Amino acid sequence: MSAAGGPPVVVAIDGPAGVGKSTVARDLAAALGLPYVDTGAMYRALGWKALRQGVEPQDSAAVARLVADSALRLERRTDGGVDVTLDGQPVEPHIRAPEVGVMASHLAALPVVRQRLVELQRAFGGAHGAVMEGRDIGTVVFPQTPFKFFLDAAPEVRVRRRLEQLRAGGREATVAEVEDELLRRDRRDRERAHSPLAWDPSYERVDTSGMTLDEVVERLAAAIAARGQGAAAGA
């Protein structure tokens, strides 16, 4: 999918943890015929490697070496999906453990990490188009795309969705544990100095609290179609 006579289309989906971005982005990408890129998986991949190598996020020199020595790739599959590979190996399912997510959040606050991963994301999106989800896709990675959405939901809904996600992956957790995890993640993401979680008037903000997955996907697809038609009409 590409704009008429223009570059490949990039759809930016940002929002806090537990709001359902990954599922929405994956289904929207399938509906639009675009690759789906989970940018969080890229940070998690480095977090997984940092844990295995004993790298502390406070050790800037060690983190810089980790980034420089890591062959991180976005590889498009024949079915349109995108695999994140690290040093030649797929990173799923190793990156979904809670401790990996915590390390990824710490690494994501560091400029040396963000700079490298943003370069990779821009290169892939510029070449192939994509539905990308994360926390700074529309503010930093692709600020010029007209297709920008900020998904949010009530705290109790986010906790429930995150709990369901964990249990579907075979991990048990209590409501209190998940609530604490999301609060800590929100604080780190919103207060970090570099590329904090944020949105501005160029986004369409969507409160998904009372919506089904299909309803969210349909709303975003309709908005993209309308904006695409508007851009074509104004060309």
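Residues numbered from 1 in each chain as written. Predicted model: local features only at pLDDT ≥ 70, side-chain atom pairs only at ≥ 80, totals over all residues. Heavy atoms only, no water.

1. Quick notes on the pairing of strand β3 (residues 72-76)
No. 1: Pairing of β3 with strand β4 (residues 82-86), which is carried by five bridges, proceeds in the antiparallel orientation. Bridged to Arg73 within β4 is Thr85. (Pairing = 2+ DSSP bridges. Helix = DSSP H or I, 4+ residues; strand = E, 2+ residues; numbered from the N terminus.)

2. A look at the packing of aromatic side chains
Any aromatic ring pair is given by two values, namely how distant the centres are and how the planes are angled relative to each other.
No. 1: Across all of its chains, the model carries one aromatic pair by this definition.
No. 2: Summarising the aromatic geometry, the rings of Phe150 and Tyr203 are spaced 6.3 Å apart at their centres and angled 85 degrees between planes, so their arrangement reads as edge-to-face. Of this pair, Phe150 sits in strand β7 (residues 148-152) while Tyr203 sits in the loop between α8 (175-191) and β8 (204-207); the two residues are 53 residues apart in sequence, bridging distant segments of the chain.
No. 3: On the basis of relative accessibility, which here comes to 1%, the residue Phe150 falls in the buried class.
No. 4: Positioned above the aromatic ring of Tyr203, the side-chain terminus of Lys148 is 5.1 Å from the ring centre. (Phe/Tyr/Trp six-rings, centres within 6.5 Å; stacked < 30°, edge-to-face > 60°. Buried < 20%, exposed > 50% of the residue type's maximum accessible area, 1.4 Å probe, protein only. Lys NZ or Arg CZ within 6 Å of the ring centre and 35° of its normal.)

3. Side note on the confidence of the model for the protein
No. 1: The share of residues in the protein with pLDDT of 70 or more is 93%, and the mean pLDDT across the chain is 87.
No. 2: The least confident element of the protein, judged by mean pLDDT, is helix α9 (residues 213-234) at 80; the most confident is helix α3 (residues 60-68) at 96.
No. 3: In the model, residues 231-235 has pLDDT below 50 throughout and makes zero contacts with residues more than four positions away in sequence or in other chains. (pLDDT = per-residue confidence, 0-100. Contact = heavy atoms within 4.5 Å.)

4. Some points on unusual backbone geometry
No. 1: Cis peptide bonds are those with omega within 30 degrees of zero, and the linkage from Glu92 to Pro93 qualifies with 0 degrees.
No. 2: By the element assignment, Pro93 lies in the loop between β5 (89-90) and α4 (98-108).
No. 3: Here the phi dihedral of Asp87 falls at roughly 55 degrees; this positive angle occurs in a residue that is not glycine.
No. 4: Within the secondary structure layout, Asp87 lies in the loop between β4 and β5.

5. A few points about the pattern of salt bridges
No. 1: Tallying each qualifying case throughout the model produces twelve salt bridges.
No. 2: Across the pair Asp152 and Arg205 runs a salt bridge, and its minimum N-O distance is 3.3 Å. Taken together, the positions of Asp152 in strand β7 and Arg205 in strand β8 put the pair 53 residues apart, joining distant regions of the chain.
No. 3: Among the ionic pairs, Glu204 bridges to Arg227, the shortest N-O distance being 2.7 Å. Residue Glu204 is located in strand β8, and its partner Arg227 is located in helix α9; the two are separated by 23 residues in the primary sequence.
No. 4: Residue class for Arg227 comes out partly exposed when judged on its relative accessible area of 27%.
No. 5: Through salt bridges with shared partners, a single ionic network connects Asp38, Glu92 and Arg96. (Salt bridge = Lys/Arg side-chain N within 4 Å of Asp/Glu carboxyl O.)

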